[in-house]
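Examination of the molecular architecture
Each chain, letter by letter, is given below.
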Amino acid sequence: MDLIPDVADLPPVGQAMVSAGLVLVGRREEPWRFIGPWLALLASSRVLNLGALQHLTEVGPMLGDAVGCRVLRTFISESFADTVAMGIGTVFYTGSLARWRGELDVACGDYEEAVVHLEEGLAVDAMLDAQPYVARGRLSLARAFYATGDLARSSEEARAAAADAQRLDMPGVLRDAEALLRKLAAGTQSPDPLTAREREVAELVAQALSSKEVAAS
């Protein structure tokens, strides 16, 4: 918070980090005065500090800014194409680019694309044993499956994310995964107009069955 008065004098990554900090402490209106100019620059010149880009891809979905997320997603897709991951001049890893794109897809409401990108990102992060990013990817994948109506797979990924978060001491991911699991459980008890099979699947999900067990039922 002490950095806010002088934030304009910070390098791009510093401005993005202050914005992320403001969102995390609940001051959601203030980041726009830092984020807005960067998104405009990004859309026009395609020039941005990579460290700042990482933080902006986290802040955009937290703010629910679908327009800004589309700008970021377009920049990543056009600038890095099939790049698997990237780094900066220090030993620093922020997860696969596919996960970045998948989380932005979720924020934009493009859930089918999100599933593809998040599954790709999970494979990369698991291969590199980047366990915190595996947990984050599973949570985002659970959200994408929930939005597409695949409740069984949503529950499976949410439970895996919750277990990972518990083991790795990631309270934010654990809180969000448990909230999604409560939504899934509540959905099985509500009078929603489901088909017989959808209701049956929802009941099996509530029993913590895997997607393979649900399919075999």
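Here we take up the overall build of the protein. In terms of regular secondary structure, the protein is built from 11 helices and 0 strands. Counted from the first residue to the last, the protein has its helices and strands arranged as α-α-α-α-α-α-α-α-α-α-α. Per-residue burial over the protein gives 41% buried out of 217 residues. Restricting the contact set of the protein to residue pairs at least 6 apart, pairs at least 24 apart contribute 58%. Approximately 11,200 Å² of the protein is accessible, and the part contributed by carbon and sulfur atoms is 56%.

So, on to helix α8 (residues 151–168). One full turn of an α-helix is made of 3.6 residues, so residues set three or four places apart face in the same direction. Counted at 1.5 Å a residue, the expected span for α8 with its 18 residues is 26 Å, and the 25 Å between its end C-alpha atoms agrees. Among the residues of α8, those classed as buried are A152, S154, S155, E157, A158, A161, A162, D164 and A165. In the segment just after α8, D169 is the residue with positive phi, at about 60°.

With that settled, the discussion passes to a nonpolar patch on the surface. On the surface, M1, L24, V25 and M62 cluster together to form a nonpolar patch covering roughly 410 Å² of accessible area. With respect to the helices and strands, the residue M62 is situated in helix α3 (residues 50–63). Using a relative accessible area of 32% as the deciding quantity, one classes M62 as partly exposed.

Now for the side chain of H117. The residue H117 is located in helix α6 (residues 111–127) in this model. Only 2.5 Å separates the side chain of H117 from the side chain of D105, close enough to count as a polar contact. Among all residues touching H117, those that are not within four sequence positions of it are A98, R99, R101, G102 and D105.

A word on the pattern of salt bridges. Following the criterion strictly, the structure yields 12 salt bridges and no others. Ionic pairing is found between R73 and E113, a salt bridge with its closest N-O pair at 3.9 Å. Here E113 lies in helix α6 and R73 lies in helix α4 (residues 66–80), a separation of 40 residues in the sequence. Ionic contacts of the salt-bridge type, sharing partners, join the residues R70, R73, D105, D110 and E113 into one network.

All right, on to the confidence of the model for the protein then. Looking at the protein, pLDDT values average 81 and 80% of them are 70 or higher. Counting interchain partners and residues more than four positions distant, the pLDDT-below-50 stretch residues 189–193 has 2 contacts.

Relative to each other, helix α1 (residues 12–24) and α3 sit at 25°, their axes nearing to 8 Å. Put simply, α1 runs roughly parallel to α3. Both α1 and α3 take part in a crossing whose hand is left-handed. On the side of α1, the interface is formed by P12, V13, A16, M17, S19, A20, V23 and L24, while α3 contributes G51, A52, H55, L56, V59, M62 and L63. Across the contact of α1 with α3, the residue classes tally to 12 nonpolar, 3 polar and no charged.

What counts and what doesn't
- Residues numbered from 1 in each chain as written.
- Predicted model: local features only at pLDDT ≥ 70, side-chain atom pairs only at ≥ 80, totals over all residues.
- Heavy atoms only, no water.
- Helix = DSSP H or I, 4+ residues; strand = E, 2+ residues; numbered from the N terminus.
- Buried < 20%, exposed > 50% of the residue type's maximum accessible area, 1.4 Å probe, protein only.
- Contact = heavy atoms within 4.5 Å.
- Areas by Shrake-Rupley, 256 points an atom, 1.4 Å probe, with all protein chains shown as cover.
- Expected span 1.5 Å × (residues − 1).
- Patch = residues over 30% accessible without salt bridge, like charges linked within 9 Å, V, L, I, M, F, W, Y side chains within 5 Å.
- Salt bridge = Lys/Arg side-chain N within 4 Å of Asp/Glu carboxyl O.
- Polar contact = N/O pair within 3.5 Å; in protein donor to acceptor, adjacent residues only side chain to side chain.
- pLDDT = per-residue confidence, 0-100.
- Axes fitted to C-alpha atoms, helices over the stretch in contact; angles between N-to-C directions.
- Parallel < 35°, antiparallel > 145°, perpendicular 65-115°, else oblique.
- Left-handed = near helix turned anticlockwise from the far one by under 90°.
- Nonpolar A, V, L, I, M, F, W, Y, C, P; charged D, E, K, R; others polar.

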